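# Structural overview for review
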Amino acid sequence: MPMFNQILVELGLKHDREGRPRTLYSLRHTYICFRLMEGADIYMLAKNCRTSVEMIEKYYAAHLKDVLDASAINVRKKKPTEEGSGGNPPWRA
């Protein structure tokens with residue numbers, strides 16, 4: 001049994017609340033939903049997940065319409081910088 005399935009079975013999480021088996025693909029839905037709730041840029045999210053904005057809106061955002069803050073979606077956030085690094089991100093300091 002692959003490691004992921006074994007972990008799900010041991011934790012009693014192999015099936016969702018509707019009785020459908022969880023797979024690695026299940027994590028895609030979780031990832032997209034969490035990123036949307038964090039206010040991720042939907043266009044970058046679609047590109048990253050190799051899907052379309054329309055698919056995300058139809059199959060993911062529709063489930064989250066009551067928890068999404070529309071004003072936070074697609075707002076570009078400033079990248080964190082370290083003091084004294086000349087404005088470069090920490091990994092380039």
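Structure: above.
Anyway, here's the lowdown on the structure attached to this text. The shown structure was predicted, so the numbers you read here are calculated from the model rather than taken from an experiment. (Residues numbered from 1 in each chain as written. Predicted model: local features only at pLDDT ≥ 70, side-chain atom pairs only at ≥ 80, totals over all residues. Heavy atoms only, no water.)

Another point: unusual backbone geometry. The backbone phi angle of Arg50 is positive, close to 55 degrees, even though this residue is not glycine. Tracing the chain through its elements places Arg50 in the loop between helix 3 (42-48) and helix 4 (53-59). By relative accessible area, which is 80% here, Arg50 ends up exposed. (Helix = DSSP H or I, 4+ residues; strand = E, 2+ residues; numbered from the N terminus. Buried < 20%, exposed > 50% of the residue type's maximum accessible area, 1.4 Å probe, protein only.)

Membership of the largest hydrophobic core is limited to twelve residues, which are Ile32, Cys33, Leu36, Ile42, Leu45, Ala46, Cys49, Val53, Ile56, Tyr60, Ala61 and Leu64. Only helix 2 (26-37), helix 3 and helix 4 provide two or more residues apiece to this core. (Core = buried A, V, L, I, M, F, W, Y, C linked by side-chain atoms within 4.5 Å.)

Tallied over the full model, the rule gives three salt bridges. For the salt bridge of Asp16 with Arg20, the shortest nitrogen-to-oxygen distance reads 3.0 Å. Judged by its relative accessible area of 49%, Arg20 falls in the partly exposed class. A salt bridge links Glu18 to Arg20, with the shortest nitrogen-to-oxygen separation between them at 2.5 Å. A residue is classified by how much of its surface remains accessible, and Glu18, at 54% relative accessible area, is exposed. Among the ionic contacts, a cluster of salt bridges with common partners joins Asp16, Glu18 and Arg20. (Salt bridge = Lys/Arg side-chain N within 4 Å of Asp/Glu carboxyl O.)

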